[in-house]
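In case you want the letters, here they are:
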Amino acid sequence: AVLRDEMDLITNDQVDEWFEENYNGLIEREHSYLQPHTKKIAREQVAKYVENNHENWSLIKETEVDLIIEKEGYFLKGQIDLLKTTDNGVEILDFKAEQKPSPEKLGKELYEQKIAQYRKQLQIYAHLVEQKFRIEVSGMKLYYTNTKEKNPYIIFEKNDFAIDEMIDEFSSIVDQIQKKNFASR
């Protein structure tokens, strides 16, 4: 509805209907079911997102964006949950259906490992978006749908140097696989 500029269709009843359609699609595709309590929590998380973002619908550029680009010897692929228009390009938003992590909850080391993984994921997404659409990625955020905190986001800065390093690392790994060099690091 948002991408068709039909924001007036976004009512609680319609969101309930879309939620059920998506859930039934999940059952068909993944043969994955949620316990009634978990499904209720998921629906509440969707309602919270709708409530918190209803004034920003017009900024949504695309949702569930499948991207794939060809590199030398391999394909780089990702699925981006949401692209939002900004003054300087687009912002990547990746939804996480869990509580927002913190060093206090996970311990400092585990927290830093988890955030580093998500940072890498979003850096690759930024590369895919910029290569595919030829548009600048101005920001990258994780949005935690199951957080009780006022701020559900973790924000990352795009780092072109880090992206280049990751692409080089992927290319090196692919090269080693193609040479059947499976020695451990």
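Residues numbered from 1 in each chain as written. Predicted model: local features only at pLDDT ≥ 70, side-chain atom pairs only at ≥ 80, totals over all residues. Heavy atoms only, no water.

## Here's the deal with the pattern of salt bridges
This structure, assessed with the given rule, holds 11 salt bridges. Across the pair Glu 20 and Lys 39 runs a salt bridge, and its minimum N-O distance is 3.0 Å. Pair noted here: Glu 20 is in helix α1 (residues 12-30) and Lys 39 is in helix α2 (residues 36-53), with a separation of 19 residues, a long-range link. The partner of Glu 112 in a salt bridge is Lys 108, and the shortest N-O contact between them spans 3.8 Å. One end of the pair, Glu 112, and the other, Lys 108, are both in helix α4 (residues 108-133), four residues apart, so they sit about a helical turn from each other. You can call Lys 108 exposed: its relative accessible area is 57%. Through salt bridges with shared partners, a single network forms among Glu 130, Glu 136, Lys 158 and Asp 160. (Salt bridge = Lys/Arg side-chain N within 4 Å of Asp/Glu carboxyl O. Helix = DSSP H or I, 4+ residues; strand = E, 2+ residues; numbered from the N terminus. Buried < 20%, exposed > 50% of the residue type's maximum accessible area, 1.4 Å probe, protein only.)

## Focus: the sheet that holds strand β3 (residues 89-96)
Strand order in this open sheet of five strands is β1-β2-β3-β4-β5, and the pairing throughout is mixed. The sheet terminates laterally at β1 (60-71) and β5 (153-156), the two strands that pair on one side only. For this sheet, the mean angle separating the axes of adjacent strands, direction not counted, is 35°. As paired strands, strand β2 (residues 74-86) and β3 are joined by five bridges and run antiparallel to one another. Bridged to Thr 85 within β3 is Val 90. (Pairing = 2+ DSSP bridges. Axes fitted to C-alpha atoms, helices over the stretch in contact; angles between N-to-C directions.)

## Remarks on unusual backbone geometry
The backbone of Arg 134 shows a phi angle near 55°, a positive value even though the residue is not glycine. By the secondary structure assignment, Arg 134 is in the loop between α4 and β4 (137-144). Notably, Lys 180 is not glycine yet its phi reads approximately 60°, a positive angle. Positionally, Lys 180 belongs in the segment after α5 (160-178). Its relative accessible area of 64% is what places Lys 180 among the exposed residues.

## Remarks on a nonpolar patch on the surface
Taken together, the side chains of Ile 173, Ile 177 and Phe 182 define a hydrophobic patch exposed on the protein surface, amounting to about 300 Å² of accessible area. Tracing the sequence through the fold places Ile 173 in helix α5. According to the relative accessible area criterion, Ile 173 is partly exposed, its value standing at 32%. (Patch = residues over 30% accessible without salt bridge, like charges linked within 9 Å, V, L, I, M, F, W, Y side chains within 5 Å. Areas by Shrake-Rupley, 256 points an atom, 1.4 Å probe, with all protein chains shown as cover.)

Read these as layout, nothing more, since geometry by itself doesn't imply function.
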